[in-house]
Amino acid sequence: MDLRAPLPPEHSLVPSNDDNNKQNMAFLEQSMKYLLSRIYLASQMMEIGSESRFTSIILFRRYAGHFGKVLHQNYCRRATQQEQKQKGRESGYGIQPSLQEMKQIKGHLGRIAAACLFLGCKAEEEQRRIRDVINLSSILDFEDDGGETSQSTEADTLWQSNKTAATATMSANIPEIREAKHPPLLDEKYWSDKEQMVSTEQQLLRMLQFDTLVCHPYRCVLIIMDTLNFGRGTKSQDQTHCLLSPRASEALIFKAWTILNELSIDIDLGTALLQYNVVTLSCAVISVAAAASRSSSSNVKLPDEWWRALDVPTKDLMLAAESIRNLLHERGRTTCSDRAAT
């Protein structure tokens, strides 16, 4: 089992500290948030497993990280060229994307998201028909950012509207998702979309250098629970020597997986958490889940510093667990804030 981080730093979308560059990348982050939610919802509608969904999400996040860096470089290059023409302009000032560029970027990322869903299912050997992916991407409108944008033809007005919408929607717990009533017709446009899906998948693979391997914390959670004899859930047999009862261990696994679902689609704290190696991330998730279960009616008590048996540094686990609690707090989820719980 590969134990590397699901989303290494070189594949992550790194936010800029410059205010102007933040504005230039705001609409990209907004589109990412909605598309991640759409991938998750489409996965549920297609009834694919947690690992196929996670792979699809991580592939999209990896591509978006590379795409964001290329986009940032292009804006910086254009800003430098404009500075040379207009002396006295503040150094490093980004150029606002035009209306046409914004539409092209949103449409491009929407097609990439659909291709990631299709490729993720193939990578995990849980294939779905390309027609099903096209139908869902059309019904869920993958090529729309989901935010309220200005109908003005002025690019500056539209830019300001999107920047305001980005700030408002990034703090929302549940993004609005509009659905079409019917899938697309089997007309010429459908066959054109099918050819474009295949072409986009090839473009995605080239950008990722054909590396579609994703390390799964879901599977790692189960391995840790089994290795340390915490329990294997109610469906497993011969648990006489397990620390937790079958029902308690299943509740703990369910809570841990729910937390992983939350952080997989979060583009703020979730990005940093996905940069931990999969063992550290899984241990932190189990730790937070156990603390939350102990604060509720469930009686889950794990040994002190149990993660050291897996050679996980205590400092890394504490930092990851704290980030998870902050993420869940921002999303309004119930957690235990007691540090001793870890």
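Residues numbered from 1 in each chain as written. Predicted model: local features only at pLDDT ≥ 70, side-chain atom pairs only at ≥ 80, totals over all residues. Heavy atoms only, no water.

## Considering the overall build of the protein
And then number 1: Within the protein, the regular secondary structure consists of 11 helices and 0 strands.
And then number 2: For the protein, the α and β elements follow one another from N to C terminus as α-α-α-α-α-α-α-α-α-α-α.
And then number 3: Sorting the 342 residues of the protein into buried and exposed places 47% on the buried side.
And then number 4: Of the contacts made within the protein by residues no fewer than 6 positions apart, 79% connect residues no fewer than 24 positions apart.
And then number 5: For the protein, the computed accessible surface area is about 17,100 Å², with 48% contributed by carbon and sulfur atoms. (Helix = DSSP H or I, 4+ residues; strand = E, 2+ residues; numbered from the N terminus. Buried < 20%, exposed > 50% of the residue type's maximum accessible area, 1.4 Å probe, protein only. Contact = heavy atoms within 4.5 Å. Areas by Shrake-Rupley, 256 points an atom, 1.4 Å probe, with all protein chains shown as cover.)

## Quick notes on the pattern of salt bridges
And then number 1: With the rule as written, the count across this model stands at 8 salt bridges.
And then number 2: Residue E305 pairs with R308 through a salt bridge whose shortest N-O separation is 2.9 Å.
And then number 3: Under the relative-accessibility criterion, R308 is labelled exposed at 54%. (Salt bridge = Lys/Arg side-chain N within 4 Å of Asp/Glu carboxyl O.)

## Comments concerning the nonpolar core
Note on soluble globular proteins: their nonpolar side chains tend to be buried together.
And then number 1: Within the largest apolar cluster, 86 residues are counted, with the highest numbers of intra-cluster contacts made by F60 and L263.
And then number 2: In terms of residue count, the dominant contributor to this core is helix α3 (residues 99-123) (12 residues).
And then number 3: Beyond its immediate stretch of four places on either side in the chain, L263 contacts R61, G270, L273, L274, L281, V285 and L327. (Core = buried A, V, L, I, M, F, W, Y, C linked by side-chain atoms within 4.5 Å.)

## Here's the deal with the packing of α3 against helix α6 (residues 188-207)
And then number 1: With their axes 9 Å apart at the nearest point, α3 and α6 run at an angle of 80° to one another. Our classification of the angle between α3 and α6 gives roughly perpendicular. Two secondary-structure elements touch here, α3 through H108, R111, I112, A114, A115, C116, F118, L119 and K122 and α6 through Q196, M197, T200, E201, Q203, L204 and L205.
And then number 2: Tallied by class, residues from the contact of α3 with α6 come to 9 nonpolar, 4 polar and 3 charged. (Axes fitted to C-alpha atoms, helices over the stretch in contact; angles between N-to-C directions. Parallel < 35°, antiparallel > 145°, perpendicular 65-115°, else oblique. Nonpolar A, V, L, I, M, F, W, Y, C, P; charged D, E, K, R; others polar.)

## Quick word on the packing of aromatic side chains
And then number 1: As enumerated under the stated definition, the model contains 6 aromatic pairs in all.
And then number 2: Their ring planes at 75° and their centres at 5.1 Å tell us that Y190 and W191 sit as a pair that is edge-to-face.
And then number 3: Under the relative-accessibility criterion, Y190 is labelled buried at 4%.
And then number 4: Residues W306 and W307 carry aromatic rings whose centres are separated by 5.8 Å and whose planes lie at 75° to one another, so their mutual orientation is edge-to-face. Each of the two residues, W306 as well as W307, counts as buried.
And then number 5: Every member of this aromatic cluster is reached through a ring pair, and the members are F54, Y218 and W257. (Phe/Tyr/Trp six-rings, centres within 6.5 Å; stacked < 30°, edge-to-face > 60°.)

## Observations concerning the packing of helix α7 (residues 217-227) against helix α8 (residues 246-264)
Each packed pair of helices is defined by two parameters, the angle between the axes and the distance between the axes.
And then number 1: Look at α7 against α8: their axes get within 10 Å of each other, and the N-to-C directions meet at 155°. With respect to their mutual orientation, α7 and α8 come out roughly antiparallel. Pair α7 / α8 crosses with right-handed handedness. On the side of α7, the interface is formed by P217, Y218, V221, L222 and M225, while α8 contributes S249, L252, I253, A256, W257, L260 and N261.
And then number 2: Residue composition of the contact of α7 with α8, by class: 10 nonpolar, 2 polar and no charged. (Left-handed = near helix turned anticlockwise from the far one by under 90°.)

## Here's the deal with helix α4 (residues 130-139)
Within an α-helix, residues lying three or four positions from one another point in the same direction, as the helix has 3.6 residues per turn.
And then number 1: With 7 of 10 residues buried, α4 is to be regarded as a mostly interior element.
And then number 2: Residue D141 follows α4 closely and has a positive phi angle near 55°.

## A few points about α6
And then number 1: With 20 residues, α6 should reach 28 Å at 1.5 Å per residue; the first-to-last C-alpha distance of 29 Å fits that figure.
And then number 2: Buried within α6 are the following residues: Y190, M197, T200, E201, L204 and L205. Angular distribution of buried residues about the axis of α6 spans 135°; they occupy a single face of the element. Exposed and facing more than 90 degrees away from the buried side of α6 are E188, E195 and R206.
And then number 3: Within two residues after α6, Q209 carries a phi angle of roughly 55°, on the positive side. (Expected span 1.5 Å × (residues − 1). Arc of directions from axis to C-beta.)

## Focus on the confidence of the model for the protein
It should be kept in mind that the predicted coordinates are not to be read in detail where pLDDT is low.
And then number 1: On average, the protein scores 79 in pLDDT, and the residues at 70 or more come to 73%.
And then number 2: Contacts from residues 88-94, a stretch scored under 50 in pLDDT, to residues over four places away or in other chains number 15 contacts.
And then number 3: A low-confidence stretch, residues 145-174 (pLDDT under 50), is modelled with 53 contacts involving residues beyond four sequence positions or located in other chains. (pLDDT = per-residue confidence, 0-100.)

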